[in-house]
Each structure stands twice: as C-alpha cells, then as structure tokens.
Amino acid sequence: MMIRMFKTTAIASVLSLALTAGAQAAEEVEVLHWWTSGGEAKALNVLKEDLESQGIAWKDMPIAGGGGTEAMTVLRSRVAAGNPPTAVQMLGFDIQDWAAEGATANLDELAGAEKWDEVVPAALQRFSKYDGHWVAAPVNVHSTNWVWANKKVMDELGVTEPPADWDGFIKFLDAAKAKGYTALAHGGQPWQDATIFDGVVLATGGADFYKKSMIDLDPEALGSDTMKTVFDRMKQLRGYVDENFSGRDWNLASAMVIESKAAAQIMGDWAKGEFLNAGKKPGEDFVCFRVPGTQGMVTFNSDQFVMFKVGEDKQAAQNAMAKAVMSPKFQSAFNVVKGSVPARTDVPNEAFDDCGKKGMADLAEAAKNDTLMGSMAHGHSAPAAVKNAMYDVITNHFNNEVSSADAVEQLVNAVEGAQ
Ligand code: BGC
C-alpha cells in the first residue's frame, strides 16, 4: 500500500514536472513577418489564435515591405547578435541562403511523423528543404500573374469578359482612362514594379521565355528583342498609373480599386485579402483574372515559416508552430482569408471562393503542364542578389527616361554582375 502510494505520488510529481517544463517551453514564439496590411493581419490572426488556443503566446515582429527585402535586413542583425526569432516568414531562395549559413533548425523529425514529403508539392519542397533536410513549413502558395478589377467599372465600360490578350488589356485600360478613372492602380515601389514585370514577361514571351530569362538567366533571352518588347510594355503601363503612384503601398493601390477610383491592379493574390477584408465579394464587387496572355501559366511564390536555431527551451513552441502551420484545417482557414491557396495538395477547396477555387485549379493545371514557375519578383526564380539587381533596372526604367534598348542592356549586365 505504502509502496503503491509512493509510486503514485512519484508518478504524479514527475508528470507535473514534465507538464510545467512543457508549458514553459511551449510558452512563446517570436515571429518576424511583413504581413502588415488589413487583410494580411486578419490572416495572421488565424495563426495567432490557433497557437494561443494551445497556450503558446505570440511575440510579433512586423517589418513592412513586400518581397521581404527589409525583413531580411532586420533578420541579419538579429542573427548576427546570436538572438534569432523563432520563426521567419520567408520566400524561396532566401530560405536556401539562410540554411546555407547554418542558421536554420532541422524539422525532419516532425516532417517525417506528419508525412510532409507526401503532401507538399515538389516545387515547394525545393525551397523548404536544404541539403535534403526540412528547414521550413510552407504556409501557402500565392501567384503574381493576377489582375484585380472593379466590377462596377467593368460594367460601366461594357466589359463583360476579362481581356484575353495584351491588346485587349490595353483597350480595357484605355476605356477606363477615357472615363476618368485611374486605369491602373499601382504603388511605385521596386517590388511592385517587379511584380508587374513578372506578368509582362510571361504575357510577352510565354512560359519558355520566362524560364530562359528569369530562371535560367540566359543572357541571350535577357538581351533579346522579346525583352525589349517587355520593357516597351512596362512603359505602356506606366502611362495608365496616376501621378501619385510613387512610393504608394500596395494595399493603398488595392483600395483605389475597392473604392471605384481605379479600374484594376496587377498584383499577387494577397490583394484578394484586402478586397475580402473590405467586405467585397468576388464576381459581384470585383473580378479576378490572369494577366491577359498568361492564362494557363502561373508564376508562384510560397510564404514559408523558416524555423531558426533557438535554445532548447524554445524548441517545443517552435515545433508546435510548425505543426500548426502544416495542419490541413489551418491551411484552409488561413488561405481562405489570405487570398492564397494551400501549400498541401490534400486540402479540399470547399471553403474557398471562386477566385480561390480558380487559383487552386490553375496551380494544379500549371504543375501538370510544366507552366508553373517561380516568381522573380518574390524570390522564387533567382537568388536575392540577382533579384535585387533586376529590381534596380526595372524600377529605373519605369520611372525615368530610359529607352527599352538601354534597359535590356542594363538587365544583361546587372544579372551577370550579380552572379
Ligand atoms: C508575400 C505575401 C504578402 C505580399 C505583400 C509577398 O512577398 O508572399 O504573403 O502578402 O508580399 O506584403
């Protein structure tokens, strides 16, 4: 009896010790991200609440600025100080760069137990894994070759179908401009200029040209007449933005479409998050269509939470976060709000609106047809050094009196110099 009692007490105290240790370890995650717009914050809340329901507190580290450029700079100083955050929102090649530095955690055990290999598409695994080891949990798949148009404006212009090709798109923009609208809502920041560029390269040269120029970085493709046409078209688009576009945040450009001040915005599908957050409905208030001429093709980017090497006391919370991010239920709930589609192939599309369903179908079709390609603007076609070199040329051409021929030459040189 005594022995039994002793045993029970001992087991109970070991259990309670373990629980306390577990509770302490699973206490907090510090997360660096650039999800600062209304729609983004709402999506992020889905994750915060999920973790909070598990007793894990959220320490927020928001650094505004799309494409993650500013966020990576802040991260650099945290890592250099030996105090990295628990998890960092990150894109494509940046993940590989940080993993190569040895700064990332190893998630193989969790990934194995949860069978990530079987449900995450190879196009994403190529970035989530470094040297065969899982270092990141992919949250979503976004894509950049989308147009978000105001339905009321389209109706007023008598446009019943999305434009099918570049000429049709220009006709649509001309008609909007003639009616006094800002035809193209745009924010003049390098990553936004580059986002438009993704779509224009694809619309102008097709999937093969995109691959050769943006992924293979083939000097011939970069210096070609097709690329000259790409720059001509960028200048053409420049003619449809309003005079206050310089420096404007992307979500403020979305707001111009939402408020019927502008006809359309070329932007990744995170823009849908802003429309939804403003209470707008796809098909009724806004229309989503692929950048005309890029139907059947997808330039994607995937936000992944890269887990950093943290002390043992923080690892349980880190693992819990990675596990939560990868749960099918979370992937549905989060992406419905964010505007993206799940990073897992086994999530049903029922909860998604028509744009989300189209996004999922387009992704599957493009993967099958080999027309699914990493977005240059969002770090999935080339490493940061090359991406930033391209940003400079694109933005300089968009804003200044630079001929397309000169821009092409600059692009070839910039890419060569950055490798
Ligand atoms: C990210 C999106 C984000 C967008 C604008 C992109 O690089 O992948 O998740 O919403 O930037 O902030």
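Enquirer: Would you mind showing me how to read the domain arrangement of the chain here?
Expert: By a widely used convention, the size of an interface equals the accessible area lost when the partners come together. Annotation of the chain at the domain level lists domain 1 (30–142 + 302–362) and domain 2 (144–300 + 373–418). Measuring from the centre of the C-alpha atoms in domain 1 to the corresponding centre in domain 2 gives 26 Å. On the domain 2 side, the residues contacting the 30 residues of domain 1 number 29 residues. Summed over both partners, the interface of domain 1 with domain 2 comes to about 2300 Å²; 59% of that surface belongs to carbon and sulfur atoms. Area buried by domain 1 at its contact with domain 2 is led by Phe-93, His-142 and Cys-355, which between them contribute 25% of it. Our enumeration of links across domain 1 and domain 2 arrives at 2 salt bridges. The shortest N-O distance in the salt bridge between Asp-353 and Lys-272 comes to 2.9 Å. Taken together, the links from domain 1 to domain 2 amount to 8 residue pairs in polar contact (both at pLDDT 80 or more). Broken down by secondary-structure element, the contributors of at least two residues to the side of domain 1 that touches domain 2 are helix H2 (38–53), helix H4 (92–100), helix H7 (122–128), strand E7 (140–143), helix H16 (328–338) and helix H17 (354–369).

Enquirer: Please clarify how the sheet that holds E7 should be interpreted in this entry.
Expert: Strands in a sheet are paired, the pairing made by backbone hydrogen bonds, and the direction either parallel or antiparallel. The 4 strands are arranged E14-E7-E12-E15 in an open sheet whose pairing can be described as mixed. Looking at strand neighbours, the two that pair on one side only are strand E14 (341–342) and strand E15 (372–374), the edges of this open sheet. Across 2 bridges, the pairing between E7 and E14 is antiparallel. Looking across to E14, one finds that Asn-140 is bridged to Pro-342. Together, E7 and E14 form the strand contacts of H16, whose direction differs from that of E7 by roughly 25 degrees.

Enquirer: For this particular structure, what's the right way to read the confidence of the model for the chain?
Expert: Detailed reading of the predicted coordinates is not advisable wherever pLDDT falls low. Mean pLDDT for the chain: 94, with 94% of residues reaching 70 or above. Looking at the elements of the chain, mean pLDDT is at its lowest for helix H1 (residues 2–25), recorded as 45, and at its highest for strand E10 (residues 262–266), recorded as 99. Predicted confidence is poor over residues 1–26, with pLDDT under 50, and the contacts of this stretch with residues over four places away or in other chains come to 8 contacts.

Enquirer: How do you make sense of the side chain of His-186 when you look at a structure like this?
Expert: Locating His-186 in the fold gives a position in the loop between strand E9 (182–184) and helix H10 (190–215). Assessed through its relative accessible area of 1%, His-186 is described here as buried. A distance of 2.7 Å separates the side chain of His-186 from the side chain of Asp-193, its partner in a polar contact. Beyond its immediate sequence surroundings of up to four residues, His-186 is in contact with Gln-192, Asp-193, Ile-196, Val-241, Phe-245, Arg-248, Ala-253 and Phe-398.

Enquirer: Would you take a moment to explain the state of the cysteines for this structure?
Expert: Two cysteines, two sulfur atoms, one covalent bond between them: this is a disulfide. If you walk through the whole model with that rule in mind, you get 1 disulfide. A disulfide bridge connects Cys-288 with Cys-355, and the sulfur atoms are separated by 2.2 Å. Its S-S torsion of about -105 degrees marks the bond between Cys-288 and Cys-355 as left-handed, since a negative value means left-handed. Here the residue Cys-288 occupies a position in strand E11 (residues 286–290), and Cys-355 occupies one in helix H17, the gap between them amounting to 67 residues. According to the relative accessible area criterion, Cys-288 is buried, its value standing at 13%.

Rules of the game
- Residues numbered from 1 in each chain as written.
- Predicted model: local features only at pLDDT ≥ 70, side-chain atom pairs only at ≥ 80, totals over all residues.
- Heavy atoms only, no water.
- Domains from an automatic or database assignment.
- Contact = heavy atoms within 4.5 Å.
- Buried area = accessible area lost by both parts, 1.4 Å probe.
- Salt bridge = Lys/Arg side-chain N within 4 Å of Asp/Glu carboxyl O.
- Polar contact = N/O pair within 3.5 Å; in protein donor to acceptor, adjacent residues only side chain to side chain.
- Helix = DSSP H or I, 4+ residues; strand = E, 2+ residues; numbered from the N terminus.
- Pairing = 2+ DSSP bridges.
- Axes fitted to C-alpha atoms, helices over the stretch in contact; angles between N-to-C directions.
- pLDDT = per-residue confidence, 0-100.
- Buried < 20%, exposed > 50% of the residue type's maximum accessible area, 1.4 Å probe, protein only.
- Disulfide = S-S within 2.5 Å.

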